[in-house]
Amino acid sequence: MFHTSLNTPATSDGRYALASYGWDEGRTAEFTPHAEQGLLPGRVVRVDRGQCDVVTSAGVIRADTEFVVPRDPMKIVCTGDWVAVDPEGDDPRYVRTLLPRRTAFVRSTSSKRSEGQILAANVDHAIIAVSLAVELDLGRVERFLALAWESGAQPVVVLTKADLVPDPVTLAHLVQDVETSAPGVPVLTVSAMAGDGLDVLVGLVRSGTSVLLGQSGAGKSTLANALVGEDVMDVRAARDIDGKGRHTTTTRNLLALPGGGVLIDTPGLRGVGLFDAGTGVGQVFSEIEELAKGCRFADCGHESEPGCAVCLAVETGELPVRRLESYRKLMRENQWIVAKTDARLRSEIKKDWKKKGAEGKAAMEAKRGRWR
Ligand code: GDP
Ligand code: ZN
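Below: a short report on this structure. It should be emphasised that the depicted structure is a prediction, and the values quoted were computed from it without experimental measurement.

**Here we look at the overall build of the chain**
Now for step 1: Secondary structure summary: the chain contains 11 helices and 15 strands in total.
Now for step 2: Considering the chain as a whole, with its 372 residues, one finds that 46% of them fall into the buried category.
Now for step 3: Within the chain, contacts between residues separated by at least 24 positions form 68% of all contacts whose residues are at least 6 apart in sequence.
Now for step 4: For the chain, the accessible area works out to roughly 18500 Å², and carbon and sulfur atoms hold 53% of it.

**Thoughts on the coordination of the zinc ion (ligand 2)**
Now for step 1: Note on the zinc ion (ligand 2): its protein donors are Cys-295 (SG), Cys-300 (SG), His-302 (ND1) and Cys-308 (SG). The metal-donor distances range over 2.1 to 2.4 Å.
Now for step 2: Coordination at the zinc ion (ligand 2) comes from four donor atoms whose angles at the metal span 104 to 115 degrees, giving a geometry best classed as tetrahedral.
Now for step 3: Between the donor residues of the zinc ion (ligand 2), the gaps in sequence give the motif C-x4-C-x1-H-x5-C. Here Cys-295, found in the loop between α9 (286-292) and α10 (309-315), pairs with Cys-308, found in the loop between α9 and α10; they are 13 residues apart in sequence, far enough to count as distant.
Now for step 4: On the basis of relative accessibility, which here comes to 7%, the residue Cys-308 falls in the buried class.

**Things to note about the sheet that holds strand β10 (residues 154-160)**
Now for step 1: Reading across from one edge, β11-β10-β9-β12-β15-β14 is the order of the six strands in this open sheet, with mixed pairing throughout. Strand pairing shows two members of the sheet lacking a second neighbour, β11 (187-189) and β14 (254-256), which therefore form its edges. Geometrically, the sheet is characterised by an average inter-axis angle of 25 degrees between neighbouring strands, direction not taken into account.
Now for step 2: With three bridges joining them, β14 and strand β15 (residues 262-264) adopt antiparallel strand pairing. Paired with Leu-255 across the two strands is Leu-263, which belongs to β15.

**Focus on the site of ligand 1**
Now for step 1: Neighbouring residues of ligand 1: 15 residues in total, closest Asp-163, Gly-217, Lys-220, Ser-221 and Thr-222.
Now for step 2: Between ligand 1 and Lys-161, the relevant distance is 2.8 Å, taken from an oxygen atom to a side-chain nitrogen or oxygen of the residue.
Now for step 3: In this structure, an oxygen atom belonging to ligand 1 sits 2.5 Å away from a side-chain N or O atom of Ser-221.
Now for step 4: Its free accessible area being 580 Å², ligand 1 has 70% of it covered by the protein chains.
Now for step 5: A class-by-class count of the residues in the shell around ligand 1 yields four nonpolar, seven polar and four charged.

**Brief notes about the sheet that holds strand β5 (residues 82-85)**
Now for step 1: The antiparallel open sheet is built from five strands, whose spatial order is β4-β3-β2-β5-β6. The sheet terminates laterally at β4 (59-64) and β6 (95-98), the two strands that pair on one side only. Adjacent strand axes in the sheet meet at a mean angle of 45 degrees when their direction is disregarded.
Now for step 2: Pairing of strand β2 (residues 40-48) with β5, which is carried by four bridges, proceeds in the antiparallel orientation. In the strand pairing of β5, Gly-42 is matched with Val-83.
Now for step 3: Sheet strands touched by helix α2 (residues 25-36): β2, β5 and β6. Its angle to β5, the strand with the most contacts, is close to 25 degrees.

**Description of unusual backbone geometry**
Now for step 1: A cis amide bond links Asp-91 with the next residue in sequence, Pro-92, at an omega value of 0 degrees.
Now for step 2: The topology assignment puts Pro-92 in the loop between β5 and β6.
Now for step 3: Notably, Lys-161 is not glycine yet its phi reads approximately 60 degrees, a positive angle.
Now for step 4: Within the fold, Lys-161 resides in the loop between β10 and α4 (168-180).
Now for step 5: In this structure, His-302 takes a positive phi of about 55 degrees despite not being glycine.
Now for step 6: With respect to the element layout, His-302 can be found in the loop between α9 and α10.

**What to know about the packing of aromatic side chains**
Now for step 1: In this structure the tally under the stated criterion is three aromatic pairs.
Now for step 2: Between Trp-23 and Trp-82, the aromatic rings sit 5.0 Å apart at their centres with planes inclined by 70 degrees, giving edge-to-face as the arrangement. Residue Trp-23 is located in the loop between α1 (14-19) and α2, and its partner Trp-82 is located in strand β5; the two are separated by 59 residues in the primary sequence.
Now for step 3: The class for Trp-23 is buried, based on a relative accessible area of 8%.
Now for step 4: Classification of Trp-82 by relative accessible area gives buried; the value is 2%.
Now for step 5: The interplanar angle of 65 degrees and the centroid separation of 5.3 Å between the aromatic rings of Phe-285 and Tyr-327 together place this pair among those described as edge-to-face. Of the two residues, Phe-285 sits in the loop between α8 (278-284) and α9 while Tyr-327 sits in helix α11 (residues 321-371), which places them 42 residues apart along the sequence.
Now for step 6: Overall, Tyr-327 belongs to the buried group, its relative accessible area being 10%.

Each value, and the rule that gives it
- Residues numbered from 1 in each chain as written.
- Chains lettered and ligands numbered in written order.
- Predicted model: local features only at pLDDT ≥ 70, side-chain atom pairs only at ≥ 80, totals over all residues.
- Heavy atoms only, no water.
- Helix = DSSP H or I, 4+ residues; strand = E, 2+ residues; numbered from the N terminus.
- Buried < 20%, exposed > 50% of the residue type's maximum accessible area, 1.4 Å probe, protein only.
- Contact = heavy atoms within 4.5 Å.
- Areas by Shrake-Rupley, 256 points an atom, 1.4 Å probe, with all protein chains shown as cover.
- Donors = N, O, S within 2.8 Å, 3.2 Å for Na, K, Ca; no water.
- Tetrahedral: all angles 85-135°; square planar, octahedral: opposite > 155°, others 65-115°.
- Pairing = 2+ DSSP bridges.
- Axes fitted to C-alpha atoms, helices over the stretch in contact; angles between N-to-C directions.
- Near = heavy atom within 4 Å.
- Polar contact = N/O pair within 3.5 Å; in protein donor to acceptor, adjacent residues only side chain to side chain.
- Nonpolar A, V, L, I, M, F, W, Y, C, P; charged D, E, K, R; others polar.
- Phe/Tyr/Trp six-rings, centres within 6.5 Å; stacked < 30°, edge-to-face > 60°.

Just distances and angles here, no functional claims.
Below is the structure:
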């Protein structure tokens, strides 16, 4: 979460201000029918119970989300959404519609209700921070990668605190280990402390919207501060303590960066589980899926089946056994989540049928259609 006194970059031309939040020509086209109704475009920078803060060409406004709260928790307004809100003068102002999401981060909730929870929308780059100060946990990196691929965003791994690995040979080996676990993903090394490698990261986040993922202590806040160029992370406490009455800071989860690009940080993104991320897992282990095409059986489980190309690759040393085990683990975990979700949907539908009898059947059919 950013606690910031930075203002909305505003010019006399409202469109330009929204462009610094990621507005583009595609959005202009999507918004045309809403503009004709006199609604204002804006991007959600923060959501709290029933309301949200939306940055518009007229600054940040508060809007009610009552009209766009559907039964499907995946469609709830979230940070990063582009929305249409009531024009100035209306009080209260409502979010009237959501523009289509290009990407979405979803996590499984830890609660018994095993539905997905939407964390952030319209993210282009998922920056996965991994600390070089502790032993590499490649399984964890792969989990974050699966989540990132599944969202539709392009993952990037940033190995942080490179100053703590002064030996270039050791560093090269660590980078190589991560690269082997992250096919198709750029791997950068940075040291926020020494200021090394930041220029590459700055160049990357300059376009589109980025999120920082990674374990606590990985160096995300430090990176965010380096990208924003001022201490925006967790500085509010310090300001409150200094007793100078500076209460001008606002809390938001989405920030336009001074050099271009947008950064999202929501608390929920920091410790995420997979949610129906089968596609994402497949992308993390693309070399295994590629090998599997050579297995004799189309439904090969790569355990000890005859003619298993994946097992053969492990035997010849082409595929590290750790990768195969990690792949199995994430696939199993994902299947379990999917099964749990389906079971809940099934029982909910059944309960409803019993209650409403045959009359309700048609309605439930329609509902099931919507869930797909
Ligand atoms: P977060 O929990 O992911 O937001 O991690 P923080 O940004 O709070 O960083 C965790 C710790 O790592 C802090 O004590 C930072 O000072 C330290 N740290 C961050 N970046 C670097 C770096 O480039 N080099 C070194 N040596 N320490 C760093
Ligand atoms: Zn196989």
